[in-house]
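Topology and contacts: notes
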Amino acid sequence: MEMQTSPGGRALVVIVDDRQAHGEKADNIGPLVRELLTEAGYHVDATVAVAADEVEIRNALNTAVIGGVDLVISIGGTGTSARDVTPEATAAVLDREIPGIAEALRASGRTDGVHDAALSRGLAGISGSTVVVNLASSRAAVRDGMATIGPLVAHVTAEQSTFEED
């Protein structure tokens, strides 16, 4: 089965960063994610910043799912510190995990020489008909992650739309 490479559709970006959510820091990663999603054929509905709080993250993800976006990318909060709760918030939203996407992201980072990529606890999966993917918050992780997930997410969203048509 051939994978589609440019799915189009709607996307939302959720930045998990305390300082950015409180207006204490400029958004230096959202524009990059928006650009990469646009290049991949998505219309980005919005970029929202939330604090590293499980309830805030979960609410932002649920809002995207309820809003009917095809893809929601969260950036940040995937590490091992006590404030890194994005995977827990994401798990509460997902109907089904897609572990292969998260594994591909970690493997890609390791292949690129980023040894701590293996420490990412980011998840990927489906909530309703929305694909949800957690990425780490560095620019390198975003660039590499978007390149890695592009064809995988395109395949999943194509399957979702085929299922909805049946």
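Basis of the calculations
Residues numbered from 1 in each chain as written. Predicted model: local features only at pLDDT ≥ 70, side-chain atom pairs only at ≥ 80, totals over all residues. Heavy atoms only, no water. Buried < 20%, exposed > 50% of the residue type's maximum accessible area, 1.4 Å probe, protein only. Helix = DSSP H or I, 4+ residues; strand = E, 2+ residues; numbered from the N terminus. Pairing = 2+ DSSP bridges. Core = buried A, V, L, I, M, F, W, Y, C linked by side-chain atoms within 4.5 Å. Salt bridge = Lys/Arg side-chain N within 4 Å of Asp/Glu carboxyl O. Axes fitted to C-alpha atoms, helices over the stretch in contact; angles between N-to-C directions. Parallel < 35°, antiparallel > 145°, perpendicular 65-115°, else oblique. Left-handed = near helix turned anticlockwise from the far one by under 90°. Contact = heavy atoms within 4.5 Å. Arc of directions from axis to C-beta.

1. Regarding the pairing of strand S1 (residues 10-16)
Buried residues dominate S1, accounting for six of its seven residues. Summarising the sheet, S1 and strand S2 (residues 43-50) pair through seven bridges and their orientation is parallel. By the bridge assignment for S2, Val13 is matched with Thr47. Pairing of S1 with strand S3 (residues 71-75) involves five bridges; the strand directions are parallel.

2. Looking at the nonpolar core
Looking at soluble globular proteins, one finds that nonpolar side chains tend to be buried together. Counting residues in hydrophobic clusters, the biggest one holds 26 residues, and the most contacted among them are Leu37, Leu71, Ile73, Ile75 and Val133. Within the residue set of this core, elements represented by two or more residues are S1, helix H2 (30-39), S3, helix H5 (99-111), strand S5 (124-127), strand S6 (130-135) and helix H6 (139-165). The element contributing the most residues to this core is H6, with five residues.

3. Here we look at the pattern of salt bridges
Under the defined criterion, the tally for this structure stands at five salt bridges. Here Arg10 ties to Asp45 by a salt bridge, and the two come within 2.6 Å at their closest N and O atoms. Separated by 35 residues along the polypeptide, Arg10 in strand S1 and Asp45 in strand S2 bring together distant segments of the chain. Owing to a relative accessible area of 31%, Arg10 belongs among the partly exposed residues under this scheme. With its nearest N and O atoms 2.7 Å apart, the salt bridge here joins Arg121 to Glu88. With Arg121 in the loop between H5 and S5 and Glu88 in helix H4 (residues 86-93), this pair connects stretches of sequence that are 33 residues apart.

4. Regarding the packing of helix H3 (residues 54-66) against H4
Closest axis-to-axis distance for the H3/H4 pair is 8 Å, and the angle between their directions is 40°. Viewed along their axes, H3 and H4 adopt a mutual orientation that is oblique. Both H3 and H4 take part in a crossing whose hand is right-handed. Between H3 and H4, the contacting residues are Glu54, Ile57, Arg58, Leu61, Asn62 and Val65 on the first element and Thr86, Glu88, Ala89, Thr90, Ala92 and Val93 on the second.

5. Here's the deal with H4
Those residues of H4 not exposed but buried are Thr86, Pro87, Ala89, Thr90 and Val93. For H4, the arc enclosing every buried residue in end-on projection is 160°, short of the 170-degree limit, so these residues lie on one face.

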